[in-house]
Amino acid sequence: LVPGEDGEMLLQDDRRTNRRISPLRAWIPPVGFVVSSLLALTSLFFAVVWGLRRLLGWLPAPGPWSVRLWPLLGAAALFGCIAFYVAGRSRGYPFLGVPNRWTIGMMLTSLLIPVATLGSVVAVWRHRRAVMNRFAYWHAVLVTAGLVFLTGFMLSWGLVGVRMWK
């Protein structure tokens, strides 16, 4: 423990110096990331359900499709970006340092996430009074909120349009 410039106590080890922060500041990013990712994952599963219902003719008056499709596109782009990274990383870190289908795919999907998020926000706002299943609408709103959080996270860490090569 060492005293800081303003008298607060700091925790220091051989690599870094840590200061006390609010528990909210420490827990909101990881919890928000997990909750937002789970919401995006439910969007993928929900798409299978309403896709099958639509094909079988069991989906009466689904309402505006954009409310369902934009969040789905954002979720697919998010998991696609993660899949491209994992696939590229499994071939070794030097593989990520050159332009190839994995790194270019990761760059393109990371650009698609904010575009789909913006489309989701516009769709849920424009169709907030549309005649459609309220559960589907509020699910889309929650997925959109999660995508907004994830887009903000990605923007703050410079992960939108990330190029892994020089």
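Now for a look at the structure at hand. Predicted model, so just to flag it, every value in this text is computed and none were measured.

Calculation rules
- Residues numbered from 1 in each chain as written.
- Predicted model: local features only at pLDDT ≥ 70, side-chain atom pairs only at ≥ 80, totals over all residues.
- Heavy atoms only, no water.
- Helix = DSSP H or I, 4+ residues; strand = E, 2+ residues; numbered from the N terminus.
- Contact = heavy atoms within 4.5 Å.
- Pairing = 2+ DSSP bridges.
- Expected span 1.5 Å × (residues − 1).
- Buried < 20%, exposed > 50% of the residue type's maximum accessible area, 1.4 Å probe, protein only.
- Polar contact = N/O pair within 3.5 Å; in protein donor to acceptor, adjacent residues only side chain to side chain.

Take the environment of Phe79 next. Position of Phe79 among the secondary structure elements: in helix H2 (residues 66–89). Counting along the chain gives 39 residues from Phe79 to Ala40, while the straight-line C-alpha distance between them is 8.6 Å. Setting aside anything within four residues of it in sequence, one finds Phe79 in contact with Ser37, Ala40, Leu41 and Leu44.

The pairing of strand S1 (residues 2–3) with strand S2 (residues 9–12) spans two bridges and is classified as antiparallel. Bridge pairing in S2 links Val2 to Leu10. Linking S1 back to S2 in an antiparallel pair, the connection comprises five residues, with Gly7 at a positive phi of about 95 degrees.

If you check helix H1 (residues 23–56), its first and last C-alpha atoms are 49 Å apart, about what 34 residues at 1.5 Å a residue would give, namely 50 Å. Restricting attention to buried positions, one finds in H1 the residues Gly32, Ser36, Ser37, Ala40, Ser43, Ala47 and Trp50. Along its buried surface, H1 packs onto H2 and helix H4 (134–156). Capping of H1 at its N-terminal end is provided by Ser22; its side-chain oxygen lies 3.1 Å from the backbone amide nitrogen of Leu24. Once H1 ends, the next one or two residues include Gly57, with phi positive near 80 degrees.

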